[in-house]
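Descriptive analysis of the structure
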Amino acid sequence: MTFSELQTGDYFRIPGMSIGYVYRKTSDNSCSLNDTLQPIRSHTRVKKLTGVELIEYFAQQTTAAERKPKPVVRLKSRPVPSREKAGITKYGIIN
């Protein structure tokens, strides 16, 4: 099967590539790998994933995402002057 024979949205592998590389057809001349667009020729030989292979792929993706630690965001705090020290009241600036 060639890339041009796939329908948009189909998942596929390129023969000879590592089994971990699963692509998705996004248009007639590009595909995506990990949400990154890749150009591809229409005559490239591909292997469309079967339903079972697709289920296994998504199962691996979800378990990998669960193991990935979530980033910790730390904000630097700085002291904020009180309104009285800054000469500001609830209703505006004191002159």
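Preceding this paragraph is the structure being described.
A short tour of the structure in this document, coming up. (Residues numbered from 1 in each chain as written. Predicted model: local features only at pLDDT ≥ 70, side-chain atom pairs only at ≥ 80, totals over all residues. Heavy atoms only, no water.)

This part takes up the overall build of the protein. Regarding its fold elements, the protein presents 2 helices and 7 strands. Reading the protein from its N terminus to its C terminus gives the helix and strand order β-β-β-β-β-α-α-β-β. Going through the 95 residues of the protein one by one, you find that 20% of them count as buried. For the protein, the accessible surface area stands at approximately 8,200 Å², while carbon and sulfur atoms represent 55% of it. (Helix = DSSP H or I, 4+ residues; strand = E, 2+ residues; numbered from the N terminus. Buried < 20%, exposed > 50% of the residue type's maximum accessible area, 1.4 Å probe, protein only. Areas by Shrake-Rupley, 256 points an atom, 1.4 Å probe, with all protein chains shown as cover.)

Looking now at the side chain of Asp10. Position of Asp10 relative to the elements: it lies in the segment before β1 (11-13). Of note is the side chain of Asp10, whose polar atom sits 2.9 Å from the backbone nitrogen of Gln7. With near-sequence residues (within four places) excluded, Asp10 lies in contact with Tyr23, Arg24, Lys25 and Lys48. (Polar contact = N/O pair within 3.5 Å; in protein donor to acceptor, adjacent residues only side chain to side chain. Contact = heavy atoms within 4.5 Å.)

In a beta sheet, neighbouring strands pair by backbone hydrogen bonds and run either parallel or antiparallel. Taken together, 5 strands build an open sheet; the order of strands is β4-β3-β2-β1-β5 and the sheet is antiparallel. Only two strands of the sheet have a single partner each, and these edge strands are β4 (36-39) and β5 (47-48). As paired elements, β1 and β5 share 2 bridges and run antiparallel to each other. Paired with Phe12 across the two strands is Lys48, which belongs to β5. (Pairing = 2+ DSSP bridges.)

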